[in-house]
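Here is how the chains run, residue by residue.
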Amino acid sequence: MEHEGIELAELVTGIMLLMLVAAVTTVLGKRIKKLPLTIGLVFVGMLVSVLAEHVPGFGSVATFTLTPDLVLFVFIPTLIFESAFNLNARQLGRNIVPILTLAVPGLLISTFIIGGIVSVFSDFGFLIALLLGAILSATDPVAVISIFKQLGVPERLTVLVEGESLLNDATSLVLATLLIGILTAGSFTSQVLVDGLGEFLFVFFGGTFVGWILAMTVGEILGRIESDPDVEITLTTILAYFSFIIAEHVFHVSGIMAVVAAGLMIGSWGKTKISPSTEEFMEHFWEYLAYLANVLIFLMVGMQIDLMALWESIDLIILVVGGMLISRGVVVFGIVPLVGKVPVADTIDMSYRMVMYWGGLRGAIALAIVLSLPATEYKDSLIAIVMGAVLFTLIVQGLSIEILVKKLKLDRPGPGDELAKLEGDREARVEGLSRLNRLAESGLFSQRIADNILQKGQLQIAEQQQGIQRFHDNMQAEQMLHILAMRCLVREKARYHELFSQGLINEWAYRELDHTVDVQMDGVRHKHQLPGTTIEASISKRFSFAIMKLLDALPVPGFGAILEDLRTLWIIRDYGVAWGRYRGSSSVLSNLGRIAGDEIDADCLEQIRSVYQDISHQSKGLIDEVAEQYPEFVEATQEQLGQRMMLIAEHDAVEHAADLGIIQSGIAYKILKEQSERIRLLGQENMSASFEIGVEELIAKVPIFAEISAQHYSLIADQLKARIVPRGMPIITQGQAGDSMFLIARGIAQVSVTEGNSSKQVATLYAGDFFGESALLHRTPRNATATAATPCSLYELKRPDLDRICEGRPEIRRLIEKVDEQRQHENIG
């Protein structure tokens, strides 16, 4: 930031004046509904630059200039992180194919089209024209997103526009940097092109990896902090800026992609790491920082506009604007429809594409890149052209995008949202009249005035009720069913958040349940499906299971204990998910009548009730399944839950007493801190000990050890290795090499055999049963697959361990061989 020679007082005065101007402009902008704030700030910035020269006190403002370092290292990390943090990661994932197409190949195509047009119709060389194309291909839809929020456009359209901007900012910056390097070197060969492509991929994906690693690190730290807003918000601020700085200056990869990855991770996976009491505060904090960065950027853009320089370059600006519109049209109307034909990508209809086309505004990134160009004879011309192009998109496209959205009727809510609005307005008015009535009854309000307001309000409610009834009369049964399903899923989602906020389910259970509801909401919206009993595995769960399978298939010395800890952990987590799902479905069932209202058809109501009864029944079955196999664990879990509920109740009571002044704030702070520490320690208790099974007790129940005296049990116990297998995971797989057998301590395993393309179940094994003896004795591939039908506690006996046991007790081998012969005979028969 170029503020050498500016005294500190003058610097602070200038910043405060800019913030004051921004605040006044924001207030006035709300009264001029047709003028987006960002565009108004540009006009005000132009006025401020004039005032700075003639009005005393504004001189300190004139010293502020929009430098590339100011944009990239102060404003961009905030804007990118806030946008990524609040972006719906699930919707981004659903639309990642078109977004990536627009952000990478789409931007490259746009660069070449703009560059080609400029090089043909101007005196600029091809490489300089390409650089200009790269600079002006990055979109900055701040004004557009603001309008989207006001109009309530579909969420998918917002994600498409904002997601493209997040990713193509990085693409544009990396591409421009490569072109500047080629221009500086003064040569362009095929080898330079290949090297440039390799560097582009490294910088783009390297930045993503750096941001992901840093976000994972900060997320784990956040998970260990209990309700400390100051520290949690500070950590996310450090993450936003350090991810950019470390990526750019330590690893020399894309800082923007690092911030995007960090923001997306913390905004999705990391949300469960943030204390519930901090979550809302953090959202407001980042919204404020983004607001401040945006208003200062656009004020400074206006302050730096040189109308004379723009007029001198008007012919080139018109040429470049034409190239931008042509290139944008080719990408949005030519490339995007082709992407819709890819099986994994949803099509984007014409109305969305028209808004994406006209909403492709340019902004801060383009200005930062052009201002950072090395001093050359063409720099001033490029700055004027880019400034003019940015100004065109802000004023012409920014002022007309709202008209286009309304013309295409994208501001109109869907049937479900429209009905929700009508019913919400009705309920709000009923509640308002109820409070007014209570106020009048208390004698503190004129009964005559109250009666007059009540009469008008009841007429309005009657009109709203008629509107709701007309809406229902015109609605098909299937629409009604899906609206009710969405309402139930919204209630279910809110209940999971309540349980998590109260500490009744942990972050893992909340993440799995919240993810499941999001997937089922997508199913209702896009595929007209109803909620189901399936728990959708999150990315973290799939990754963890993949690691477990890998460690199981390729045993790594020293990792056996880690593998067992992971298996035990997932049984604990699955129990928490089932418990939370049971509470969520019970909440829906108990409030179903109120959720449906009076207008929902009785058949739809019963259909949804049946769905949630199935969910409740299955969840209860999973809970009972674990309780039956591991009563010690369930007892320990319930004790921990009871203690946590007591601590939370005590915490709330102390906060309430402090608010009333019964307890001094200092004393209350000390008590709350002690309670938070007790809650934290309670969450760290090791529940794995509840799964430990007395191995000698098991040996006494296994038939092959029936002839062994109890005094020799310890000899066998020393050679057995404990294993925990979560429900649904394979214990052994047919065809897999093996040299061990398994004893079931607790749980149920199902044995199946695959023949050709079909699989049939051949046995169900319970506690005290064993399997895998053929591989143990003959080292042959497994002849069947055994899967944990419930969470299972097993003991594994390997061939070397059997040999050591049989040195002293050879009859054990004979007993195992006898069972093996019988089972082989049964299979042949």
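The paragraphs below set out a description of the structure included in this document. (Residues numbered from 1 in each chain as written. Predicted model: local features only at pLDDT ≥ 70, side-chain atom pairs only at ≥ 80, totals over all residues. Heavy atoms only, no water.)

### Some words on the overall build of the protein chain
For step 1, the next point in the chain: In terms of regular secondary structure, the protein chain is built from 33 helices and eight strands.
For step 2, the next point in the chain: Seen through its C-alpha atoms, the protein chain measures out along the principal axes to roughly 105 × 90 × 60 Å.
For step 3, the next point in the chain: Residues counted as buried form 50% of the 829 residues belonging to the protein chain.
For step 4, the next point in the chain: If you take every contact in the protein chain between residues at least 6 apart in sequence, the share linking residues at least 24 apart comes to 79%.
For step 5, the next point in the chain: Carbon and sulfur atoms make up 59% of the accessible area of the protein chain, which amounts to about 39,800 Å² in all. (Helix = DSSP H or I, 4+ residues; strand = E, 2+ residues; numbered from the N terminus. Buried < 20%, exposed > 50% of the residue type's maximum accessible area, 1.4 Å probe, protein only. Contact = heavy atoms within 4.5 Å. Areas by Shrake-Rupley, 256 points an atom, 1.4 Å probe, with all protein chains shown as cover.)

### Thoughts on the sheet that holds strand β6 (residues 770-771)
For step 1, the next point in the chain: With respect to topology, four strands assemble into an open sheet ordered β1-β8-β3-β6, the strand pairing being antiparallel. Each edge of the open sheet is held by one strand with a lone partner, namely β1 (721-725) and β6.
For step 2, the next point in the chain: Relative to strand β8 (residues 792-798), strand β3 (residues 740-746) runs antiparallel, the two being bridged by six bridges. Bridge pairing in β8 places Leu743 opposite Tyr795. (Pairing = 2+ DSSP bridges.)

### Re the sheet that holds strand β2 (residues 730-732)
For step 1, the next point in the chain: If you trace the four strands from one edge of the open sheet to the other, you get β2-β7-β4-β5, paired in antiparallel fashion. Looking along the sheet, the strands with just one partner apiece sit at the ends: β2 and β5 (758-765). Strand-to-strand twist across the sheet, computed as the mean angle between neighbouring axes with direction ignored, equals 35°. (Axes fitted to C-alpha atoms, helices over the stretch in contact; angles between N-to-C directions.)

### A look at empty space enclosed by the protein
For step 1, the next point in the chain: In this structure the tally under the stated criterion is two cavities of 30 Å³ or more.
For step 2, the next point in the chain: Space inside the largest cavity adds up to approximately 70 Å³.
For step 3, the next point in the chain: If you trace the largest cavity, you find it lined by Leu102, Gly106, Leu107, Ser110, Ser137, Thr139, Glu164, Asn168, Arg328, Val331 and Arg362.
For step 4, the next point in the chain: Of all the secondary structure elements, the ones that give two or more residues to the lining of the largest cavity are α6 (105-121), α9 (155-185) and α15 (314-339). (1 Å grid on protein atoms, 1.4 Å probe; cavity = no way out; pocket = protein on both sides within 12 Å on 5 of 7 lines; lining within 4 Å. Points joined across faces, edges and corners; volume = space filled by probe spheres on them.)

### A look at helix α32 (residues 799-808)
For step 1, the next point in the chain: Taken together, the buried positions of α32 are occupied by Arg799, Asp801, Leu802, Ile805 and Cys806. When α32 is viewed along its axis, its buried side chains cluster within an angular range of 150° and face the same direction. In α32, the exposed residues that point more than 90 degrees away from the buried face are Glu807 and Gly808. (Arc of directions from axis to C-beta.)

### A look at α9
For step 1, the next point in the chain: Its 31 residues place the ends of α9 45 Å apart at the C-alpha level, agreeing with the 45 Å of an ideal helix rising 1.5 Å per residue.
For step 2, the next point in the chain: At Asn168, α9 is bent by approximately 25°, the largest bend along its length.
For step 3, the next point in the chain: Across the 31 residues that make up α9, a large majority, 25, are buried. (Expected span 1.5 Å × (residues − 1). Bend = angle between axes of the 7 residues up to and from the residue.)

### Some remarks on the environment of Leu422
For step 1, the next point in the chain: Looking at the secondary structure, you find Leu422 in helix α19 (residues 415-441).
For step 2, the next point in the chain: Residues Leu422 and Leu66, spaced 356 residues apart in sequence, show a C-alpha to C-alpha distance of 47 Å.

### Here's the deal with the packing of helix α1 (residues 8-31) against helix α13 (residues 276-304)
For step 1, the next point in the chain: Packing of α1 against α13 leaves a shortest axis separation of 10 Å and a crossing angle of 100°. Taken as axis vectors, α1 and α13 run roughly perpendicular relative to one another. Contact residues: α1 offers Leu18, Met19, Val21, Ala22, Ala23 and Thr26, while α13 offers Tyr288, Tyr291, Leu292, Val295, Leu296, Leu299, Met300 and Met303.
For step 2, the next point in the chain: Across the contact of α1 with α13, the residue classes tally to 13 nonpolar, one polar and no charged. (Parallel < 35°, antiparallel > 145°, perpendicular 65-115°, else oblique. Nonpolar A, V, L, I, M, F, W, Y, C, P; charged D, E, K, R; others polar.)

### Here we look at the pairing of strand β4 (residues 749-755)
For step 1, the next point in the chain: In this structure, β4 lies alongside β5, joined through seven bridges in antiparallel fashion. If you follow Glu755 over to β5, its bridge partner there is Ser758.
For step 2, the next point in the chain: Adjacent in sequence and paired antiparallel, β4 and β5 are bridged by two residues, among which Gly756 carries a positive phi angle near 70°.
For step 3, the next point in the chain: Where β4 lies against strand β7 (residues 785-788), four bridges are found, and the strand directions are antiparallel. Counterpart to Gln750 in the pairing with β7 is Thr787.

### Quick notes on the packing of aromatic side chains
Each aromatic ring pair is specified by the distance between its two centres and by the angle formed by the two planes.
For step 1, the next point in the chain: For the structure on display, the rule yields 11 aromatic pairs.
For step 2, the next point in the chain: With 4.7 Å between their ring centres and 40° between their planes, Phe81 and Trp286 make a pair best called tilted. With Phe81 in helix α3 (residues 68-86) and Trp286 in helix α13, this residue pair connects regions lying 205 residues apart in the sequence. Of the two residues, Phe81 and Trp286, both sit in the buried class.
For step 3, the next point in the chain: When the centroid spacing of 5.2 Å and the interplanar angle of 75° are considered together, the rings of Phe204 and Phe205 count as edge-to-face.
For step 4, the next point in the chain: One aromatic cluster is present, built from ring pairs that chain together Phe81, Phe85, Phe285 and Trp286.
For step 5, the next point in the chain: Across the ring face of Phe85, the terminal group of Lys271 is positioned such that the distance to the ring centre comes to 5.0 Å.
For step 6, the next point in the chain: When the ring centre of Trp508 is taken as reference, the NZ or CZ atom of Arg573 above it lies at 3.4 Å. (Phe/Tyr/Trp six-rings, centres within 6.5 Å; stacked < 30°, edge-to-face > 60°. Lys NZ or Arg CZ within 6 Å of the ring centre and 35° of its normal.)

### Some details on a nonpolar patch on the surface
For step 1, the next point in the chain: A grouping of Leu8, Val12 and Met16 is seen on the molecular surface, where their side chains present a nonpolar patch of about 300 Å² in accessible area.
For step 2, the next point in the chain: Along the polypeptide, Val12 turns up in helix α1.
For step 3, the next point in the chain: Assessed through its relative accessible area of 41%, Val12 is described here as partly exposed. (Patch = residues over 30% accessible without salt bridge, like charges linked within 9 Å, V, L, I, M, F, W, Y side chains within 5 Å. Salt bridge = Lys/Arg side-chain N within 4 Å of Asp/Glu carboxyl O.)

### Examining the environment of Met282
For step 1, the next point in the chain: By the element assignment, Met282 lies in helix α13.
For step 2, the next point in the chain: Separated by 50 residues in sequence, Met282 and Glu232 place their C-alpha atoms 8.3 Å apart.
For step 3, the next point in the chain: If near-sequence neighbours (up to four positions away) are discounted, Met282 is found in contact with Phe85, Glu232, Ile233, Thr236 and Ile274.

### Points about the pairing of β3
For step 1, the next point in the chain: By the criterion of burial, β3 is predominantly enclosed, with seven of the seven residues buried.
For step 2, the next point in the chain: Bridge count for β3 against β6 is two bridges, and the pairing is antiparallel. Each bridged residue has a counterpart across the sheet, and for Leu743 the counterpart in β6 is Phe770.

### Observations regarding the pattern of salt bridges
For step 1, the next point in the chain: Per the stated rule, a full pass over the model turns up 21 salt bridges.
For step 2, the next point in the chain: The salt bridge involving Glu498 is made with Arg495; its shortest N-O contact spans 3.1 Å. With Glu498 and Arg495 both in helix α21 (residues 477-501), this residue pair falls three residues apart, about one helical turn.
For step 3, the next point in the chain: One connected set of salt bridges, linked through shared partners, spans Glu220, Arg224, Lys273, Glu507 and Arg511.

### Details of the side chain of Thr393
For step 1, the next point in the chain: With respect to the secondary-structure elements, Thr393 resides in helix α18 (residues 379-407).
For step 2, the next point in the chain: When its relative accessible area of 0% is taken as the criterion, Thr393 is described as buried.
For step 3, the next point in the chain: Within the structure, the side chain of Thr393 is placed 3.2 Å from the backbone nitrogen of Arg362, a separation counted as a polar contact.
For step 4, the next point in the chain: Among residues more than four places away in sequence, those in contact with Thr393 are Met324, Leu361, Arg362 and Gly398. (Polar contact = N/O pair within 3.5 Å; in protein donor to acceptor, adjacent residues only side chain to side chain.)

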